[in-house]
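# Chains, contacts and geometry: an overview
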Amino acid sequence: MTDHAPLSPVPVDDLAAAFQIEGWPVRGRLVRLGDAIDAVLSAHDYPEPVAALLGETCALAALVGSSLKFEGRLIVQAQGDGPVRYVVADYDSQGHIRGYCRFDAEEVAAASTGFSRPGAQTLLGKGVFVMTLDQGPDFERHQGITPIEGESLSLAAEHYFRQSEQVPTKVRLAVGAVDQGAGPRWRAGGAMIQMVAGDAARGSTEEVWERSEALFQTLADDELLDPQITPETLLFRLFHEDGVRLEQARPLAAVCRCSADRITSVLTSFGEDERREMIEDDGKIRVTCEYCSTVYEIEPAAAGVGSL
Ligand SMILES: [Zn+2]
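Residues numbered from 1 in each chain as written. Predicted model: local features only at pLDDT ≥ 70, side-chain atom pairs only at ≥ 80, totals over all residues. Heavy atoms only, no water.

## Structural notes on the confidence of the model for the chain
Stated precisely, the cut-off is as follows: Residue-level confidence of the predictor is summarised by pLDDT, bounded by 0 at the bottom and 100 at the top. For helices the rule is a DSSP run of H or I covering at least 4 residues; for strands it is a run of E covering at least 2, with both sets numbered from the N terminus onward.
Predicted confidence across the chain gives a mean pLDDT of 90, with 94% of residues reaching 70 or more. Mean pLDDT across the elements of the chain ranges from a minimum in helix α6 (residues 202-217), with 84, to a maximum in strand β5 (residues 96-103), with 98.

Structure follows, in structure tokens:
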């Protein structure tokens, strides 16, 4: 097979883009994450399976979030009774991603025995998969909740779209450490296709959908991860017979929303006794952002705790 996708000035990494297959009732999206996902995952010292799960969750949040025309945040969460209690990733309309996990290290190690990487259901156990659209305080939050179904996060997402939006959807997510010469760095990728509702030509719509599903199935994890394969090349490999266009590419970056002001205002919502107990031996309160691991040093007075 020859790859001769046209060159274009779109970013080739850390991007989310839409794609359209000429004349098909299918819309698609693609996400490639390099430095951005390495920054998110390197901010934590997670065991490999937990980091991979967070990477997939971030890729999914960017995949879904970048498809929405809105100002605000798309939050993907999963919560269960397994070794990983909670995973969250959020994407905002500026293309910023962040996320974290809560887990029990011993349980994760036990669940990983004999697996190269345990799947989402093994890690999360029984629980729920939640997508939230947060457009700020002036809007009602739109939230969809489905049980975690299937061994992978992609299957859970497909189940979500089937249940809560009734849109046939295929999702592919990949996370891995790739060494480009400077040691292994995290990369992630995601792709999604959805059937666009047909009207008069319903029958043929489904036939084309099945065909695109079959082609989509051939997408390999390493194609999603390999920085040498540009987004255009990847799409061309998948759908070249039918002409595929990449559109609306936008950059993604690892940016957290935390700040000393936000942390301080969260602190002031705690009881005064609780705040006083947080004061360390050197007289400061230290709070670590769960998303990006930045440690904030707060003067107790700033958090409304007077000296004794
Ligand atoms: Zn932060």
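## So, helix α3 (residues 105-112)
Because an α-helix packs 3.6 residues into every turn, residues spaced three or four apart end up facing the same way. Convention followed: Relative accessibility thresholds used throughout: buried, under 20% of the residue-type maximum; exposed, over 50%; partly exposed, between the two (1.4 Å probe, protein chains only). The directions considered for the arc run from the helix axis to the C-beta atoms. Contacts between residues were defined by any pair of non-hydrogen atoms, one from each residue, lying within 4.5 Å.
For α3, every residue scored as buried is listed here: V108, A111 and S112. The arc enclosing the buried residues of α3, seen along the axis, measures out at 100°, which places them on a common side. In α3, the exposed residues that point more than 90 degrees away from the buried face are E106 and A110. Summarising the contacts, the buried residues of α3 are in contact with α2 (48-65), β4 (84-92), β5 and α4 (120-124). Looking one or two residues past α3, G114 carries a phi angle of roughly 85°, positive in sign.

## Some words on the coordination of the zinc ion
What counts is decided by this rule: As a rule, N, O and S atoms within 2.8 Å of a metal are its donors, except that Na, K and Ca use 3.2 Å; water is not among the atoms, so sites may look incomplete. Angle rules define the geometry names used: all angles between 85 and 135 degrees makes four donors tetrahedral, while opposite donors over 155 degrees apart and all other angles between 65 and 115 make four donors square planar and six octahedral, leaving every other case irregular.
Every protein donor of the zinc ion is listed here as C256 (SG), C258 (SG), C289 (SG) and C292 (SG), and their distances to the metal cover 2.2 to 2.3 Å. Between the four donor atoms coordinating the zinc ion, the angles at the centre fall across 102 to 115°, so the site counts as tetrahedral. When the donors of the zinc ion are listed by position in the chain, the intervening gaps give C-x1-C-x30-C-x2-C. Note that C256 is positioned in the loop between β11 (253-254) and α9 (260-267) and C292 in the loop between β12 (285-288) and β13 (295-298), a separation of 36 residues in sequence. Using a relative accessible area of 21% as the deciding quantity, one classes C256 as partly exposed. Here C292 falls in the partly exposed class, since its relative accessible area comes to 23%.

## Topic: the nonpolar core
One broad trend across soluble globular proteins is that nonpolar side chains are buried collectively. Here is the rule we go by: Nine residue types can take part in a nonpolar core, namely buried Ala, Val, Leu, Ile, Met, Phe, Trp, Tyr and Cys, and a core is a set of them joined through side-chain atoms within 4.5 Å. The split of the chain into domains comes from an automatic or database domain assignment.
Core analysis: the largest hydrophobic core is formed by 64 residues, its most contacted members being L33, I37, L60, I97 and F129. The element best represented in this core is α2, accounting for 12 residues. Counting only domains with at least three residues in this core, you end up with domain 1 (15-254) and domain 2 (260-303). When near neighbours in sequence (up to four residues on either side) are disregarded, L33 contacts D13, D14, A59, I97, R187, A188 and L252. Grouped together as the second largest cluster of nonpolar side chains are 19 residues, V26, A174, W209 and L219 included.

## Description of the sheet that holds strand β10 (residues 244-251)
Operational definition: Paired strands are those between which DSSP finds at least two bridges. Where helices are involved, their axes are fitted lines through C-alpha atoms of the stretch in contact, as for all axes, and angles between N-to-C directions lie from 0 to 180°.
One open sheet accounts for five strands, arranged β8-β9-β2-β1-β10; its pairing is antiparallel. The sheet is open, and its two edges are formed by β8 (169-179) and β10, each paired on a single side. Taking the axes of each pair of neighbouring strands and ignoring which way they run, one obtains an average angle of 15° across the sheet. Where strand β2 (residues 26-33) lies against strand β9 (residues 184-195), eight bridges are found, and the strand directions are antiparallel. By the bridge assignment for β9, G28 is matched with I193.

## Quick word on the side chain of R32
Counted only if it meets this: In protein, a polar contact means a hydrogen-donor-capable atom and an acceptor-capable atom, both N or O and within 3.5 Å, with residues adjacent in sequence counting only if both atoms are side-chain atoms; elsewhere, any N or O pair within 3.5 Å suffices.
For R32, the position within the fold is in strand β2. For R32, the side chain forms a polar contact with the main-chain oxygen of E223, separated by 3.5 Å. One polar contact links the side chain of R32 to the main-chain carbonyl oxygen of D226, over a distance of 2.6 Å.

## Structural notes on the pairing of strand β3 (residues 73-80)
The element β3 is largely enclosed, with a buried count of seven among its eight residues. Inspection of the sheet shows β3 paired to β4 by seven bridges, in the antiparallel sense. Looking at β4, one finds that V76 is bridged to A89. Linking β3 back to β4 in an antiparallel pair, the connection comprises three residues.

## Observations concerning the sheet that holds β5
Within a sheet, neighbouring strands are paired by backbone hydrogen bonds and run either parallel or antiparallel to one another. Read across the sheet, six strands follow the order β7-β6-β3-β4-β5-β11 without closing on themselves; strand pairing throughout is mixed. The strands lining the two open edges of the sheet, one partner per strand, are β7 (142-147) and β11. In this sheet, β5 lies alongside β4 in antiparallel orientation, the contact comprising seven bridges. Its bridge partner being in β5, V88 is matched across the sheet by Y100. Sheet contacts for helix α1 (residues 35-42): β5 and β11; angle to β5, the most-contacted strand, approximately 35°.

## What about the pattern of salt bridges?
Stated formally: Any Lys or Arg side-chain nitrogen located within 4 Å of an Asp or Glu carboxyl oxygen qualifies as a salt bridge.
Per the counting criterion, the structure on display carries 22 salt bridges. For D13, the salt bridge is made with R187, and the minimal N-O distance between the two is 2.8 Å. Linking D13 in the segment before β1 (15-21) with R187 in strand β9, this pair joins segments that are 174 residues apart in sequence. Assessed through its relative accessible area of 26%, D13 is described here as partly exposed. Taking relative accessible area as the criterion, R187 reaches 3% and is therefore assigned buried. With a shortest N-O distance of 3.2 Å, R185 and D38 are connected by a salt bridge. Here R185, found in strand β9, pairs with D38, found in helix α1; they are 147 residues apart in sequence, far enough to count as distant. Overall, the relative accessible area of 34% leaves R185 in the partly exposed class. Under the relative-accessibility criterion, D38 is labelled buried at 10%. Connected via shared salt-bridge partners are R73, D90, R98, D134 and R141.

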